[in-house]
Amino acid sequence: MAENRTIANSPAQAVVFLETLAAIVEKSPVAYSTDSAADLAAHIRGMAEAVNTEARVNPAELDTTRQYAALDWHNEAVAVLFASEHRPTFL
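The paragraphs below set out a description of the structure included in this document.

What counts and how
Residues numbered from 1 in each chain as written. Predicted model: local features only at pLDDT ≥ 70, side-chain atom pairs only at ≥ 80, totals over all residues. Heavy atoms only, no water. Helix = DSSP H or I, 4+ residues; strand = E, 2+ residues; numbered from the N terminus. Contact = heavy atoms within 4.5 Å. Areas by Shrake-Rupley, 256 points an atom, 1.4 Å probe, with all protein chains shown as cover. Buried < 20%, exposed > 50% of the residue type's maximum accessible area, 1.4 Å probe, protein only. Salt bridge = Lys/Arg side-chain N within 4 Å of Asp/Glu carboxyl O.

**Regarding the overall build of the protein**
Thought 1: If you tally the helices and strands in the protein, you get 4 helices and 0 strands.
Thought 2: For the protein, the α and β elements follow one another from N to C terminus as α-α-α-α.
Thought 3: Restricting the contact set of the protein to residue pairs at least 6 apart, pairs at least 24 apart contribute 66%.
Thought 4: With the model as given, the accessible surface of the protein reaches about 6700 Å², and the carbon-plus-sulfur share is 57%.

**Quick notes on unusual backbone geometry**
Thought 1: Residue arginine 56 is not a glycine yet carries a positive backbone phi of 50°.
Thought 2: Assignment of secondary structure puts arginine 56 in the loop between α2 (34–55) and α3 (59–80).
Thought 3: According to the relative accessible area criterion, arginine 56 is exposed, its value standing at 74%.

**Structural notes on the pattern of salt bridges**
Thought 1: Taken as a whole and assessed by the stated rule, the structure comprises 2 salt bridges.
Thought 2: A salt bridge links arginine 66 to glutamate 19, with the nearest nitrogen and oxygen atoms 2.6 Å apart. Of this pair, arginine 66 sits in helix α3 while glutamate 19 sits in helix α1 (residues 11–27), and the two are 47 residues apart along the sequence.

Structure, rendered in structure tokens:
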């Protein structure tokens, strides 16, 4: 029998995902102007704050999730933003 190996998603993971997405949008305004990228990043951060407030995420869990995500998402961001048009804005 095949074993189902899934990780349950938590509100802390949603908050960290949105924060990471906002940082990527802000650092790589290729599809948007710099101002539009900043506006979109601010909107995404607002969504993260709303999830955090609504779910009453445990601050210690959120901090731990951020620490793990910093490692994982750094690798993902490097992979996604490795294209030459992103390099000048990602430094």
